[in-house]
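Here's the letter readout for the chains.
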Amino acid sequence: MDVLELARTQFAVTGSLHFLFVVLTLGLAPLVAIMHTRWVRSGDPVHERMTRFWGQIYVINYALGIVTGLVMEFQFGLSWSGLSHYAGDVFGAPLAMETLVAFFLESTFLGLWIFGWGRLPRRAHLACIWLVTLTAYASAFFIMVANSYLQNPAGSVLRNGRMELVDFGALLTNKALLYSFPHVIGAGLFAGGMVLAGASAYKLRRRTGELEFFSASLRMGVGVAGIGILLTMMSGYLQFSGVQEGKFNGNTGAALSLAFMMEIGQLVGLFVLLVLLPLIRSLPRRRWAHPILIAMTPLPFLLAIAGWGAREIGRQPWMIWERLSVADAMSPGLTPGMITASFIGFVAVLGLLAVVDYVLIAKVIRRGPGDLALGAAADEPRSPALSY
C-alpha cells in the first residue's frame, strides 16, 4: 500500500478499536444511573448491588477507553496536519469542547461518584452519576458535530485558503448531525443492553446463584437493547436525508456492502429481541433463550464498526466533502515506513487495551456481585485485582 492507503487504514483500525470502548460507555452510563436512581428511591439492596456491579464494569471500560482516546488525538497531528491547517478553526472547536467535557467535567463527576460512596449525601451522589451520563453524551455530541462537519461543511466559508466559522448555530444544526447523533445514542443503548443481557444470561445458565440479581439485570438489558436497536434503525434510515446525492459514487462496492451487512444484522437483532420482549418477565427462566442472548452480545459492536465504515468510506475521496481531499489533508513528508511504524505501535497499544478491558470485565462477571471494590466500605475486604 502507498502512504495514503496506509494512513487511511491506520486511522480506520485505531478509530474502530477506540469506538468499541465508546459505544459501551454510552450504553452503560444511563443504565447505571437508572439503577442508582431505583436504589435511592426504593432502598432495595438488590438495586444497590446492581449499581455497584455494573458501575464497576463501567469504570473499567471508561478508564481504558480514555487511554485509547489519547492515541486518536495523536493521529491528527502526526498524519493529518493538512486538515488542521485548512479547517482547524472550525473542525478543532467541537474537538476542543469534547476534550473539556470528557477530560474535565465527565472525569470530575465520575471521580466524585467513585469516591463519594458513604461520603456524599445520597441525592448528591446520585446527581454525580447522572452528570457523568449527561457529560458522556455531550462528549459524543461534540464528536458528532466535528464528524458531521466533514460530511457537510455547514456554517463556514473559505477565506485566504482556510475555512472560517461564520455561523456556529449552523454547525450545531447540521443536517448530517440531526439524525446521526440519535443513531449513536441508539447504538450505545443496544450495546449496553446486550452486555447486561448476555452476561446475565451466562450467569443464569451456569446457575451460579444470585437469581434475583441477574434476572432483574437480564430483563433490564433486553428491554434497553430493544429500544436501542429500534432507535438505531429509525435514525439510520433518516440519516440519508442529510447525505449528499451521489455520495457513494465510486465507493459502491465498499460502502454499500457494509450498509447492507449492517442492515441485515440490525433486522436479525430486532427480530430476535421482538420475539423475546413479550416473554421478558419469564425470560430468566427460559433456558433456551440464554444461549441466543450470549451469542448476540458481540452483535452491537460489530454493527457499530460497520456503521462507521459505511459513513466514512462513502465520503471518499473527500476529507471534507467537496472542499478538501484526503490526500491534501495528509501531513507532508510522510513515508510508508513512518506510517507503518506508528501503525504497528498504535494498534499494539489499542489492541492490548481492548484485551485487558475484556479480561477485566469477564473477571468481574465471573466473580459476580459478591466481591465488589466499587462502593466498598473502608473496612470491607476487597480483591486487590479489582481495587482502584
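The rules behind these values
- Residues numbered from 1 in each chain as written.
- Predicted model: local features only at pLDDT ≥ 70, side-chain atom pairs only at ≥ 80, totals over all residues.
- Heavy atoms only, no water.
- UniProt positions renumbered as here; feature names shortened; annotations may be inferred.
- Patch = residues over 30% accessible without salt bridge, like charges linked within 9 Å, V, L, I, M, F, W, Y side chains within 5 Å.
- Areas by Shrake-Rupley, 256 points an atom, 1.4 Å probe, with all protein chains shown as cover.
- Salt bridge = Lys/Arg side-chain N within 4 Å of Asp/Glu carboxyl O.
- Lys, Arg positive; Asp, Glu negative; His and termini not counted.
- Charge placed at Lys NZ, Arg CZ, Asp CG, Glu CD.
- Helix = DSSP H or I, 4+ residues; strand = E, 2+ residues; numbered from the N terminus.
- Buried < 20%, exposed > 50% of the residue type's maximum accessible area, 1.4 Å probe, protein only.
- Expected span 1.5 Å × (residues − 1).
- Contact = heavy atoms within 4.5 Å.
- Pairing = 2+ DSSP bridges.
- Axes fitted to C-alpha atoms, helices over the stretch in contact; angles between N-to-C directions.
- Parallel < 35°, antiparallel > 145°, perpendicular 65-115°, else oblique.
- Left-handed = near helix turned anticlockwise from the far one by under 90°.
- Nonpolar A, V, L, I, M, F, W, Y, C, P; charged D, E, K, R; others polar.
- Phe/Tyr/Trp six-rings, centres within 6.5 Å; stacked < 30°, edge-to-face > 60°.

In the nomenclature of an unreviewed UniProt entry, the protein chain corresponds to Cytochrome ubiquinol oxidase subunit I from the organism Nonomuraea rosea. Taken verbatim from the UniProt record of the protein chain, the Sequence similarities (unreviewed entry) comment is "Belongs to the cytochrome ubiquinol oxidase subunit 1 family."

### Side note on a positive patch on the surface
Together, Arg-219, Arg-281, Arg-285 and Arg-286 line one region of the surface with positive charge. Inspection of the secondary structure assignment puts Arg-285 in the loop between α8 (252-276) and α9 (289-296). Residue classification places Arg-285 among the exposed residues on the basis of a relative accessible area of 65%.

### Concerning helix α12 (residues 336-367)
Its 32 residues place the ends of α12 46 Å apart at the C-alpha level, agreeing with the 46 Å of an ideal helix rising 1.5 Å per residue. Within the span of α12, buried status applies to Ile-339, Phe-343, Phe-346, Leu-350, Leu-353, Asp-357, Ile-361, Ala-362, Val-364 and Ile-365. In the core, the buried residues of α12 are packed alongside α1 (3-42), α2 (45-79) and α6 (180-206). Gly-368, located one to two residues past α12, shows a positive phi value of around 80 degrees.

### Some remarks on the pairing of strand β2 (residues 162-165)
Where strand β1 (residues 156-159) meets β2, 4 bridges bridge the pair, whose relative direction is antiparallel. The residue of β2 that forms the bridge with Arg-159 is Arg-162. Counted along the chain from β1 to the antiparallel partner β2, the turn is 2 residues long, and its residue Asn-160 has a positive phi close to 55 degrees.

### Focus on the packing of helix α4 (residues 122-151) against α6
Two packed helices can be described by the angle between their axes and the distance between those axes. α6 packs onto α4 with a crossing angle of 135 degrees between their chain directions and a minimal axis gap of 9 Å. When the axis of α4 is compared with that of α6, the two are oblique. For α4 against α6, the interelement crossing comes out right-handed. Where α4 abuts α6, its residues Tyr-137, Ala-140, Phe-141, Met-144 and Ser-148 lie against Ser-180, Phe-181, Val-184, Ile-185 and Leu-189. Residues of the contact of α4 with α6, tallied by class, amount to 8 nonpolar, 2 polar and no charged.

### Observations regarding the packing of aromatic side chains
Under the definition given, this model contains 12 aromatic pairs. Between Phe-141 and Phe-142, the aromatic rings sit 5.5 Å apart at their centres with planes inclined by 70 degrees, giving edge-to-face as the arrangement. Look at Phe-141 and you get partly exposed, because its relative accessible area is 22%. Feature note: the residues Phe-53, Trp-54, Phe-213 and Phe-214 constitute an aromatic cluster, connected by ring pairs.

### Description of the side chain of Thr-232
Along the chain, Thr-232 falls in helix α7 (residues 211-238). By relative accessible area, Thr-232 is classed as buried at 7%.

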